[in-house]
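Spelled out, the chains give:
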Amino acid sequence: MTDQPEQAPASPEQQITASVTVTGAQAAILRDLAAVLGRTPESLALEWAAGALVIPSTPLGEDPDVPEWGLFDGPADLSARTDEYLGERFSR
């Protein structure tokens, strides 16, 4: 015997059942993200509906609030002069 009283099963009045339907681009993003994370799309959809997961409203790279930037911050002619730059570095 335990000191704790048994809890009665929850009555239908105490339960909350929710359903989330995601379509379109958001559904595609959630499916891809679920595959990468090894989770189910349903669990991510619930997080998204609860506000715990944010999905961008515009495709990446098209957000006007994000300035265009490059992956490498270097000379503009880097690709044209790569051999020259490498040669200088290795000759030192």
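This text goes with the structure placed above it.
Residues numbered from 1 in each chain as written. Predicted model: local features only at pLDDT ≥ 70, side-chain atom pairs only at ≥ 80, totals over all residues. Heavy atoms only, no water.

A.B. asks: For this particular structure, what's the right way to read the nonpolar core?
C.D. replies: Within soluble globular proteins, side chains that are nonpolar generally end up buried alongside one another. Of all hydrophobic cores here, the largest spans 8 residues; its members are Val22, Ala27, Leu30, Ala34, Leu44, Ala45, Leu53 and Ile55. Looking at this core, the elements that each hand over two or more residues are helix 1 (24-37) and helix 2 (41-50). Among the elements that line this core, the one with the most residues is helix 1, at 3 residues. The contacts of alanine 34, once residues within four sequence positions are left out, are Arg39, Thr40, Pro41 and Leu44. (Core = buried A, V, L, I, M, F, W, Y, C linked by side-chain atoms within 4.5 Å. Buried < 20%, exposed > 50% of the residue type's maximum accessible area, 1.4 Å probe, protein only. Helix = DSSP H or I, 4+ residues; strand = E, 2+ residues; numbered from the N terminus. Contact = heavy atoms within 4.5 Å.)

A.B. asks: Please explain the packing of helix 1 against helix 2 as it appears in this structure.
C.D. replies: Packed helices, taken two at a time, are described by the angle their axes make and the gap between the axes. Two elements in contact, helix 1 and helix 2, have axes whose closest approach is 8 Å; the angle formed by their N-to-C orientations is 120°. Viewed along their axes, helix 1 and helix 2 adopt a mutual orientation that is oblique. The handedness of the crossing between helix 1 and helix 2 comes out as right-handed. The segment helix 1 lies against helix 2, with Gln26, Leu30, Arg31, Leu33, Ala34 and Leu37 engaging Pro41, Leu44, Ala45 and Trp48. Its residues assigned to classes, the contact of helix 1 with helix 2 shows 8 nonpolar, 1 polar and 1 charged. (Axes fitted to C-alpha atoms, helices over the stretch in contact; angles between N-to-C directions. Parallel < 35°, antiparallel > 145°, perpendicular 65-115°, else oblique. Left-handed = near helix turned anticlockwise from the far one by under 90°. Nonpolar A, V, L, I, M, F, W, Y, C, P; charged D, E, K, R; others polar.)

A.B. asks: Just checking my understanding: could you explain helix 1 for this structure?
C.D. replies: Counting along an α-helix, one turn takes 3.6 residues, and residues three or four places apart therefore face a common direction. Under the 1.5 Å per step criterion, the end-to-end length of helix 1 is 20 Å for 14 residues, consistent within 8% with the ideal 20 Å. Taken residue by residue, helix 1 has Ala27, Leu30 and Ala34 as its buried positions. Take helix 1 and look down its axis: the buried residues cluster within an arc of 60°, on one side only. The exposed set on the far side of helix 1, more than 90 degrees from its buried face, consists of Ala25, Asp32, Ala35 and Val36. Within two residues after helix 1, glycine 38 carries a phi angle of roughly 70°, on the positive side. (Expected span 1.5 Å × (residues − 1). Arc of directions from axis to C-beta.)

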